[in-house]
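Spelled out from the first residue to the last, the chains are:
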Amino acid sequence: QKQYQVYLKKWYSFCSKRGFDPCSVSSVKALDFLAELFEQGLGYSALNTARSALSQVLPPQAGVPFGELPLTKQFMKGVFQEKPSLPRYTVTWDPVLLLSFLRSQSPNGKLDLKMLTLKTVTLLTLLSAQRVQTVHFFDIRNMSITDSIVKVSIGDKLKQTRPGYHLHELEFPAYSPDQQLCPVSVVKEYLSRTKPLRGEITTLFISFVRPYRSVSKSTISRWVKTTLGLAGVDLTRFKPHSIRAASSSAASQASVPLATILRTAGWSSECTFAQYY
């Protein structure tokens, strides 16, 4: 709804200036609107969202939604040729760079709360190959922790949630060869340090300065970005979301089965994975 709202506002403005009824105009006029967006510099991905938004408000023609009309499809093919939607990253950084930095921040028990927080959130994001949105929803009420594994269930609707599909339970097995990179050890230390600070707060990640409270998705993203910068990742080229591509690419190169990568990262198809790797 948030994605569509941007283009629906533009559509209503477009129709208002021309005296059109935004809910009953011809498909040709709707294509004029998409063409105007294209001339403003929007690419295929943005126009595809605008097309979907229009399909929600325009009446079907002979039972065919606006977005599925032959002329609309032909227009979108032309847009793709001119401004294709390509992967953000054609190369990525080596996760070893990040893991080496996280290992250097030890022992866990002697880190200050800020660095312990950065280490915990970045390690879990890297190991899960999840979006920042998912990590933001980590809640201690939905976590099971033993000496051998940390399990996390997500009780909120995610970007990839759809009828009949929701993200599976995430698992973070203990890593006995190196306790400084063991997610079980890191999470246990983080929970121990934050227990007297969180009060009734159940979200896993809380601010490391007073007043201690739940943090936003943008804060989680900023923490990941800060850690990547400290690890030596080029932040002029890579965004926090690149940790998802780096993790899944490294797994693929290590011959991890594709089905395992798709399930872990929450992708439903190989086509989605191909956008990252």
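Residue positions are given per chain, counting from 1 as you read along its sequence in written order. Given that the model is predicted, a residue must reach a pLDDT of at least 70 before its local features are reported, and side-chain atom pairs must reach 80 or more before they are shown or counted; all residues, however, enter totals for whole chains, interfaces and linings. Remark: hydrogens and water are excluded; side-chain values derive from all non-hydrogen atoms of the structure.

Caption draft 1: Spatial organisation of helix α4 (residues 70–82). Under the 1.5 Å per step criterion, the end-to-end length of α4 is 19 Å for 13 residues, consistent within 8% with the ideal 18 Å. Taken as a whole, α4 has its buried residues at Thr72, Met76 and Val79. With its buried residues spanning 55° around the axis, α4 presents them on a single face. Seen from the open side of α4, the exposed residues pointing more than 90 degrees away from its buried face are Pro70, Gln74, Lys77 and Gln81. Note on contacts: a residue pair is in contact if any heavy atoms of the two residues lie within 4.5 Å. What counts as a helix is a DSSP run of H or I of at least four residues, what counts as a strand is a run of E of at least two, and both are numbered from the N terminus. Those residues of α4 that are buried are in contact with α2 (27–39) and α3 (44–57). In a helix, the anticipated span is given by 1.5 Å times the number of residues less one. Note on classification: 1.4 Å probe, protein chains only; a residue is buried when its accessible area is under 20% of the maximum for its type, exposed when over 50%, partly exposed between these limits. Read the arc as the range of directions from the helix axis to the C-beta atoms.

Caption draft 2: Layout of the sheet that holds strand β2 (residues 149–152). In short, DSSP must find at least two bridges between two strands for them to pair. Across the sheet, which stays open at both edges, the 3 strands sit in the order β1-β2-β3 with antiparallel pairing between neighbours. Of all the strands in the sheet, just β1 (143–145) and β3 (170–173) have a single pairing partner and so form its edges. Taking the axes of each pair of neighbouring strands and ignoring which way they run, one obtains an average angle of 10° across the sheet. Sheet topology note: the β2/β3 ladder contains 4 bridges and is antiparallel. Within β3, the residue paired with valine 152 across the bridge is leucine 170. Note on definitions: angles span 0 to 180 degrees between N-to-C directions of axes, and those axes are lines fitted to C-alpha atoms, for helices only across the stretch in contact.

Caption draft 3: Summary view of the pairing of β2. Pairing of β1 with β2 involves 3 bridges; the strand directions are antiparallel. Each residue of the ladder has a partner; that of isoleucine 145, found in β2, is valine 150.

Caption draft 4: Layout of the packing of helix α1 (residues 2–18) against α2. For the pair α1 and α2, the least separation of the axes is 11 Å and the interaxial angle reads 115°. When the axes of α1 and α2 are compared, the crossing they make is right-handed. Contacts from Tyr7, Lys10, Trp11, Phe14 and Arg18 of α1 reach α2 at Lys29, Ala30, Asp32, Phe33, Glu36 and Leu37. We call a crossing left-handed when the near helix sits turned anticlockwise from the far one by less than a right angle, and right-handed when that turn is clockwise.

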